[in-house]
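Chain residues, written in single-letter form:
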Amino acid sequence: MPLALLALAVGAFGIGTTEFVMMGLLPDVAADLDVSIPTAGHLVSAYALGVVIGAPLLAAVTARMSRRTVLIGLMALFIAGNAASALAPDYHGLLVARFVSGLPHGAFFGVGAVVATGMVAPERKARSVSLMFLGLTVANVAGVPVATLMGQHLGWRATFLGVSAIGLAAIAALAWLIPHDRATAASNAGLRGELAALRSVPVWLALGTTVAGFGALFAAYSYITPMLTDSAGFADASVTLLLALFGVGATVGNLVGGRLADHAMRGTLFGGLTSLVVVLALFPLLMATGWSAALAVVLLGIAAFVTGSPLQLMVMEKASSAPSLASSANQAAFNLANAGGAWIGGLALAAGFGVTSPALAGAGLAVLGLGVAGAAYAVDRRRAVPHAGRERILVAHLPEQVEAVQY
């Protein structure tokens, strides 16, 4: 695999760290800025809103630019947002800074996925995407715990300065390792051409699969702490280590999913979603004991992230005339899944169905994801059959001399 993928992984590591570290710093931020923890929770929502807005917008308006230049520019915006977070004078300043920090997130992964797949042979595209996403999953194993520890001992502002330093390292790696390029012919269509690619039904079905499939993950993962403490009986101090196990599972699932998707993209997607249904449906049983609960956390990470690379590639293939925009839109879909899944899981919990009920709600969302993926498959087959029919008609009317040459 090209060494340039390392530069993309470094950027992904920084983005993954700043996205998830706020969850661990909420009590410190709330106390320092004199706001309640629920109010501080809006800082997580502000970042997600930045991702949803920035992902398609930045990918579209930079369509005519060199992708190398775009990636470096996005990391510069990432650094600016995190530096502003560290220097925020009050809660509202931090809220705006977190929104700015989220703006480059989706576009970086979207454009990065296009760059990654363009540097490898067609049979290695999914693996190249999974290696870029490796930075995101490793951030959950190492980046977030270390950044949280830094914030607790040196102050939460030090965490965002540290993340800014990661951004500087990413810019250096991108400038050194990513080859120079020019805007492609497809991107010369500009904003209108990029947006036109999103009118395709298969593209929206692929995005819908992302929302439902990863909504299933976040329905359960958003409430994993009370499941581990109230149901499995773990102490609060053990939760950080168990969440690191989720990161290990996500890393394994990401790498396995990338390799499998290069052989059978659709099969890997269906297999991953089916595994997610099974794991989430078994959560009430698995959360009954400590060892099985730890296993459940690992399996959840594996099952969910097996689908990451095939979903990203599927969206890019369905919008081949605007892969950067479609790939970035898929990142926005991931964040919609985050918000929507957490909301649905919360409804199950608030209804009094039990501490593990969010996982069952997630299993229902995973079934919905399978249904949407099945609908996308059916649409692809219907579109392929008329095309195949036209080829048969053409062959049937070929002159005999041509048939003789062919056979």
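Anything mentioned here points back to the structure above.
Residues numbered from 1 in each chain as written. Predicted model: local features only at pLDDT ≥ 70, side-chain atom pairs only at ≥ 80, totals over all residues. Heavy atoms only, no water.

### Comments concerning the overall build of the chain
A tally of regular secondary structure across the chain gives 18 helices and 0 strands. Expressed as a percentage of the 407 residues in the chain, the buried residues total 53%. Sequence separation of at least 24 residues holds for 84% of the intrachain contacts in the chain that already meet a minimum separation of 6. (Helix = DSSP H or I, 4+ residues; strand = E, 2+ residues; numbered from the N terminus. Buried < 20%, exposed > 50% of the residue type's maximum accessible area, 1.4 Å probe, protein only. Contact = heavy atoms within 4.5 Å.)

### A closer look at the packing of aromatic side chains
On inspection of all chains with the given rule, the structure shows 8 aromatic pairs. Between Phe 108 and Phe 109 the ring centres are 6.1 Å apart and the planes differ by 85 degrees, which places this aromatic pair in the edge-to-face class. Owing to a relative accessible area of 0%, Phe 109 belongs among the buried residues under this scheme. Through a chain of ring-to-ring contacts, three or more aromatic side chains come together here, namely Phe 214, Tyr 221, Phe 246, Phe 305 and Phe 334. (Phe/Tyr/Trp six-rings, centres within 6.5 Å; stacked < 30°, edge-to-face > 60°.)

### Observations concerning the layout of surface pockets
Looking at the largest pocket, its volume works out to about 1000 Å³. Among the elements of the structure, helix H1 (4-33), helix H2 (37-40), helix H3 (42-61), helix H6 (125-154), helix H9 (201-221), helix H10 (224-231), helix H11 (239-263) and helix H16 (323-350) are those that each provide at least two residues to the lining of the largest pocket. Ranked by residue count, the leading element in the lining of the largest pocket is H3, at 6 residues. When its residues are assigned to classes, the lining of the largest pocket shows 23 nonpolar, 11 polar and 2 charged. (1 Å grid on protein atoms, 1.4 Å probe; cavity = no way out; pocket = protein on both sides within 12 Å on 5 of 7 lines; lining within 4 Å. Points joined across faces, edges and corners; volume = space filled by probe spheres on them. Nonpolar A, V, L, I, M, F, W, Y, C, P; charged D, E, K, R; others polar.)

### Observations concerning the nonpolar core
Formed by 92 residues in total, the largest nonpolar core has its most connected members in Leu 8, Leu 217, Phe 283 and Met 287. Considering each element in turn, this core owes the most residues, 10 residues, to H9. In contact with Phe 283, other than residues within four places in its own chain, are Ile 224, Met 227, Ala 296, Leu 300 and Ala 359. In terms of nonpolar packing, the next biggest core, distinct from the first, is built from 16 residues, Met 22, Leu 26, Ala 86 and Trp 156 among them. (Core = buried A, V, L, I, M, F, W, Y, C linked by side-chain atoms within 4.5 Å.)

Shape is all these values report; function is a separate question.
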